[in-house]
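Residues per chain, in single letters:
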Amino acid sequence: LEYISGFRRRRLRLRRIFLRKVIPPKILLVRNDGLGDFILTLPIISAIKQQIPNARIYVLAARSLHSMASFLPEIDGWILDPGCLLKRHRKNKSDLQLKTEYTSLVREIAAYRFDLAIFSYAEKTSASLIKAAGVPYRLGPLRRSFFLKFNLWYYIPRQKTGQAEYQLNLKILRSLKLSNQFRFPRV
């Protein structure tokens, strides 16, 4: 599967982007659900900053999480989900409002020109959003039915592993040939 899909070739190009000194790589971490799940993805941000110190890390998160911005100096920027991506946020909105919010979010993400988007948890709408925004490298789970929206994959079985979720989230970095060591982020 790796040979046919060109996974290795894309990963090599991505490694070259990581090593750039003049133009720092821009990485978008997509985690737009609850506070607890977002906190469990903070070790990913810390590990990336430790290994690629010149990387600029942005987070696509729910609007309610933006109040944490002052406590997390490792995050360079926030893109706020107006409530058009998660199923539970879309319930009480009209189709026109959802479409307007979605297209403005696509334009905002496209304007940043990210090099890589990492999904620690993916839903179909958020995967379609990042693909529509033109992010060239999208790392997501292989087990989802919409895995074709990604062009880099990871396979991490989460059931019956006996590991905490932050440890499973750190294993995502192995797909990028980065070390998955836990370092508590500066708070």
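In the block above lies the structure referred to throughout.
Nothing here was measured: the structure is a model prediction, and the numbers come from that model.

Enquirer: Explain the pairing of strand β3 (residues 77-81) residue by residue, including any values.
Expert: Of all the 5 residues making up β3, 4 are buried; the element is thus mostly covered by neighbouring parts of the structure. Inspection of the sheet shows strand β2 (residues 56-62) paired to β3 by 5 bridges, in the parallel sense. Across the sheet, residue Tyr58 finds its bridge partner in β3, namely Gly77.

Enquirer: An account of helix α6 (residues 95-112) is requested, with residue identities and associated values reported.
Expert: In a regular helix each residue adds 1.5 Å, so 18 residues correspond to 26 Å; α6 covers 26 Å between its end C-alpha atoms and thus fits that length. Listed in full, the buried residues belonging to α6 are Leu98, Glu101, Leu105, Val106 and Ile109. In an axial view of α6, the angular spread of the buried residues amounts to 140 degrees, which keeps them on one side of the axis. Across from the buried face of α6, at angles greater than 90 degrees, the exposed residues are Leu96, Lys99, Arg107 and Ala111. Looking one or two places after α6, you find Arg113, whose phi comes out positive at around 55 degrees.

Enquirer: Account for the pattern of salt bridges, naming residues and giving values.
Expert: Scanning the entire structure with this criterion turns up 3 salt bridges. Here Arg31 and Asp37 are joined by a salt bridge, their closest N and O atoms 3.5 Å apart. Residue Lys49 is joined to Asp76 by a salt bridge in which the shortest nitrogen-to-oxygen separation is 3.1 Å. Taken as a pair, Lys49 in helix α4 (residues 42-51) and Asp76 in the loop between β2 and β3 lie far apart in primary sequence, 27 residues in all. The exposure class assigned to Asp76 is partly exposed, which follows from its relative accessible area of 31%.

Calculation rules
- Sequence order as written defines the numbering, with residues in each chain counted from 1.
- pLDDT decides what is reported in this predicted model: residues at 70 or higher carry local features, side-chain atom pairs at 80 or more are listed and counted, and totals for whole chains, interfaces and linings draw on all residues regardless.
- As a convention, hydrogens and water are excluded, and side-chain values are obtained from all of the structure's heavy atoms.
- Exposure classes here rest on a 1.4 Å probe applied to the protein chains alone. A residue is buried below 20% of its type maximum, exposed above 50%, and partly exposed in between.
- Helix numbering and strand numbering both begin at the N terminus, where a helix is a DSSP run of H or I of at least 4 residues and a strand a DSSP run of E of at least 2.
- Paired strands, as defined in this entry, are two strands with at least two bridges between them according to DSSP.
- How far a helix is expected to stretch is found by multiplying one less than its residue total by 1.5 Å.
- By definition, the arc is the one covered by directions from the helix axis to the C-beta atoms.
- Salt bridges are counted wherever a side-chain nitrogen of Lys or Arg sits within 4 Å of a carboxyl oxygen of Asp or Glu.

The quantities given are spatial measurements derived from coordinates; they are silent on function.
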